[in-house]
Amino acid sequence: MFDKILIANRGEIALRVVRACREMGIKSVAVHSTADSDAMHVRMADEAVCIGPPPGTESYLSIPAIISACEITGAQAIHPGYGFLSENASFVQILEDHDITFIGPTAEHIRIMGDKISAIETMKALGVPCVPGSGGGVPDVASAKKIGAEIGYPVIVKATAGGGGRGMKVAMNAGEMEMAFMTAGSEAKAAFGNGECYIEKYLQKPRHIEIQVFGDGKGKAVHLGERDCSLQRRHQKVFEEAPGPSIDAQTRARIGKICADAVANINYAGAGTIEFLFEDGEFYFIEMNTRLQVEHPVTEAIFGVDLVREQIRVAEGLPMSFGQDDLEIHGHAIEVRINAEKLPNFAPCPGRISQYHAPGGLGVRMDSALYDGYSIPPYYDSLIGKLIVHGRDRDAALSRLNRALGELIVDGVDTTIPLFHQLLAEEDILTGNYGIHWLEDWLERNLTA
Ligand code: ADP
C-alpha cells in the first residue's frame, strides 16, 4: 500500500486527488511553481515542494524536478491529474525505471493511444467502430485529394499528434482540400512538432459521446456509461452531462460492452475514456484519453463511485472494488466549466478574486481551488472551477443547476458563469436537443460583440 502520493498537477484537480488520498489515509505531496506558492493545493496537501519558475515547461512539465520531489519526500507514486504529464509516455517510462508507480496506464498504452493513427488501428482491430477515413498518415496533397474523392466530401484533415482541437481543418469539397491539408499540417507542425495528418469523413451533425472505462490491468474491465460533451467551443468542452439525453439503455449496453471488452483485451489499467462521434444511431471512434477526464465527476455522481480512489487502488495492485453488475445509474448529473474568461471572446482573464462563494445543498458539488483574495496566475489554463449537480432526473438536475449557479459568486475577474445562465433559458438545452455545432452557432447569434 502507498503511504505517500505526489500529485504532479495544480488547481482543482490537484485538490481532487489530495481529497481522495486523505480519505484513504495516504499522505499527499503537492508540487508547485513559484507562481503557485499560495495556491490551495499547496495549502491542502500534507507536504509541498517548489519545483520551478512559473512557466509550465519549467515546473509542472519538468520531469527531473518532479522526480527529485518524489525522492526528497519519499513519495512512492505519482498521480498526474489531467493535462501536463498525464499522457506523456516517456515520463511514465522514466518513472518505471525509477521504481516510482505511475497512477495510470502503462507507457505502452499511452503511446499507442497518444498517436491517433495507432489508436485508430488498435481500436479497429479490437472491434470498436471508427470513422471511415485514410486509416493512416497522408503524405501529400495529391494523395489527400484521392482519398477525399474515395470517402466523399466533406472530410476533415486531422493532425496525427493532435490535441485540444488544434490542427484540424474541414474541406467541404475537392476545391478546399489543398488549403485544408496545408493549413492543418503547418498548424500541427507548429503546435506539436509533427505535421503528419490523416483524413476522416466529416460528420455534419454528430453528438460527442464518450464512454468511461476502467480496467484492472489484468484483463478485467468495466464501463461506466457515457457522457454527452457535445456543447463545445473551438473543440473545448464547456457543459457535460450523464447519462446522454440521446442514449437509451440498450445503446449504452451495446457500446459500453464493446469498449469494456476492448480495454480488457489489452489489459488496460485504470481510468480511460473512449471518445465517439454519434450520428444516426451509429458510433464513430475518434480518440482515447488514457487519463482521468475533467468531466469525470458527472460519472461519479450517477454511479456513486470515486474514480480517483479506484485509480489509486488499481495502481496498488488491488482488484477493482466494483464489477459491471454492481454499476447502476442513479439520476442525472451535469457539469459546467467555470473559466476565468471574458465574454464574448472568451479571452483569459487572470487576476485577484475579491469574493468567492461556492454553492451548496443537496446534489451540488463544487470542485475549485479558489478562495477569497486568491490571485489567478496568467500562466495556466483558465479553468477555475467545475460546478456539478446531481438530481433524480434531467429536469431535476437542470433546476438544481439553475439554483446553484444563482448561489455561486466569483467576483474580481470575468467568468463564464453568465453564459450558463443564458444557456439555461434555451429550449434546446432544456430538452437536450443539441449536437457538436450547437454552441458555436448559438454563440454566433447571441454573443457577438
Ligand atoms: P482533439 O484531440 O484535438 O480533441 P478529437 O479527435 O478528439 O481531437 O476531435 C475534437 C473534436 O473535433 C470533436 O469533439 C468534434 O467536435 C470534432 N471532430 C473530430 N473529428 C471529426 C469528424 N470526423 N467529423 C466531425 N467532427 C469531428
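Residues numbered from 1 in each chain as written. Predicted model: local features only at pLDDT ≥ 70, side-chain atom pairs only at ≥ 80, totals over all residues. Heavy atoms only, no water.

### Some words on the site of the ligand
- The immediate surroundings of the ligand are formed by 20 residues, with Lys-116, Lys-158, Gly-165, Lys-201 and Glu-287 found nearest.
- At 2.9 Å, a side-chain N or O of Lys-158 approaches a nitrogen atom of the ligand.
- The separation between an oxygen atom of the ligand and a polar side-chain atom of Gln-232 is 3.4 Å.
- Relative to its free-state accessible area of 560 Å², the ligand is covered by the protein chains to the extent of 96%.
- Breaking the shell around the ligand down by element, the ones donating at least two residues are strand S6 (155-163), strand S8 (197-201), strand S12 (269-279) and strand S13 (282-289).
- Of all the elements, S6 adds the most residues to the shell around the ligand, at 4 residues.
- Tallied by class, residues from the shell around the ligand come to 7 nonpolar, 7 polar and 6 charged.
- When residues of the shell around the ligand are assigned to domains, at least three fall in each of domain 2 (132-201) and domain 3 (207-446). (Near = heavy atom within 4 Å. Polar contact = N/O pair within 3.5 Å; in protein donor to acceptor, adjacent residues only side chain to side chain. Areas by Shrake-Rupley, 256 points an atom, 1.4 Å probe, with all protein chains shown as cover. Helix = DSSP H or I, 4+ residues; strand = E, 2+ residues; numbered from the N terminus. Nonpolar A, V, L, I, M, F, W, Y, C, P; charged D, E, K, R; others polar. Domains from an automatic or database assignment.)

### Considering the domain arrangement of the protein
- Assigned domains of the protein: these are domain 1 (4-103), domain 2 (132-201) and domain 3 (207-446).
- Here the C-alpha centroids of domain 1 and domain 2 sit 36 Å apart.

### Some words on the nonpolar core
- With 40 residues, the main nonpolar core has Phe-239, Leu-387, Leu-401, Val-410 and Phe-420 as its most contacted residues.
- Looking at this core, the elements with two or more residues in it are strand S11 (236-242), strand S14 (332-339), strand S19 (364-368), strand S21 (383-391), helix H12 (394-407), helix H13 (417-423) and helix H15 (438-446).
- Looking at this core, the element that brings in the most residues is H12, giving 5 residues.
- In contact with Leu-401, not counting residues within four places along its chain, are Phe-239, Ile-334, Val-336, Leu-387, Val-389 and Leu-424.
- Judged by nonpolar contacts, the second largest core, of 37 residues, contains Ile-13, Val-305, Leu-307 and Val-308. (Core = buried A, V, L, I, M, F, W, Y, C linked by side-chain atoms within 4.5 Å. Buried < 20%, exposed > 50% of the residue type's maximum accessible area, 1.4 Å probe, protein only. Contact = heavy atoms within 4.5 Å.)

### Re the pattern of salt bridges
- In the structure shown here, the tally under the stated rule is 26 salt bridges.
- A salt bridge links Arg-227 to Glu-210, with the shortest nitrogen-to-oxygen separation between them at 2.7 Å. You can see Arg-227 sitting in strand S10 (residues 221-233) and its partner Glu-210 sitting in strand S9 (residues 207-216), a full 17 residues away along the chain.
- The closest approach of N and O atoms between Glu-407 and Arg-403, which form a salt bridge, is 2.9 Å. Taken together, the residues span about one helical turn, with Glu-407 and Arg-403 both in helix H12 at a distance of 4 residues.
- Residue Arg-403 is classed as partly exposed on the basis of its relative accessible area, which comes to 31%.
- Beyond isolated ion pairs, a larger network of salt bridges with shared partners links Glu-210, Arg-227, Lys-237, Glu-240, Glu-275, Glu-295 and Arg-337. (Salt bridge = Lys/Arg side-chain N within 4 Å of Asp/Glu carboxyl O.)

### Points about the sheet that holds S6
- The strand order across the open sheet formed by 3 strands is S7-S6-S8, and the pairing between neighbours is antiparallel. The sheet terminates laterally at strand S7 (166-171) and S8, the two strands that pair on one side only. Averaged over neighbouring strand pairs, the angle between their axes works out to 25° when direction is ignored.
- By the bridge criterion, 5 bridges tie S6 to S8 in an arrangement that is antiparallel. Within S8, the position partnered with Val-155 by the bridge is Lys-201. (Pairing = 2+ DSSP bridges. Axes fitted to C-alpha atoms, helices over the stretch in contact; angles between N-to-C directions.)

### Details of the pairing of S12
- The buried fraction of S12 amounts to 11 of the 11 residues, a majority that puts the element mostly inside the structure.
- Where S9 lies against S12, 10 bridges are found, and the strand directions are antiparallel. Its bridge partner lying in S12, Phe-214 is registered against Ala-271.
- Relative to S13, S12 is paired through 7 bridges, and the arrangement is antiparallel. The partner of Phe-276 across the bridge, within S13, is Phe-285.
- Where S12 hands over to S13, the hairpin turn is made up of 2 residues, of which Asp-280 adopts a positive phi near 50°.

### Re helix H9 (residues 249-265)
- Taking 1.5 Å as the rise per residue, H9 with 17 residues should run 24 Å; its terminal C-alpha atoms sit 24 Å apart, in good agreement.
- When H9 is considered as a whole, its buried residues turn out to be Thr-251, Arg-252, Ile-255, Gly-256, Cys-259, Ala-260, Ala-262, Val-263 and Ala-264.
- Its buried side turned inward, H9 meets S9, S10, S12 and S13.
- In the stretch just after H9, Asn-267 is the one whose phi turns positive, near 55°. (Expected span 1.5 Å × (residues − 1).)

### So, the sheet that holds strand S5 (residues 101-102)
- Reading across the sheet, the 5 strands line up as S3-S2-S1-S4-S5 and stay open at both edges, with parallel pairing between neighbours. In this open sheet, the two edge strands, each paired with only one partner strand, are strand S3 (47-52) and S5.
- Strand direction decides the pairing type here: strand S1 (residues 4-7) and strand S2 (residues 27-33), joined by 4 bridges, are parallel. Across the sheet, the residue bridging to Lys-4 is Lys-27, located in S2.
- Contacts between helix H1 (residues 11-23) and the sheet are confined to S1, S2 and strand S4 (77-79), with S1 contributing the most and set at about 175° to the helix.
- On top of the sheet, helix H3 (residues 63-73) reaches S1, S2, S3 and S4; it is set at about 150° to S3, its chief contact.

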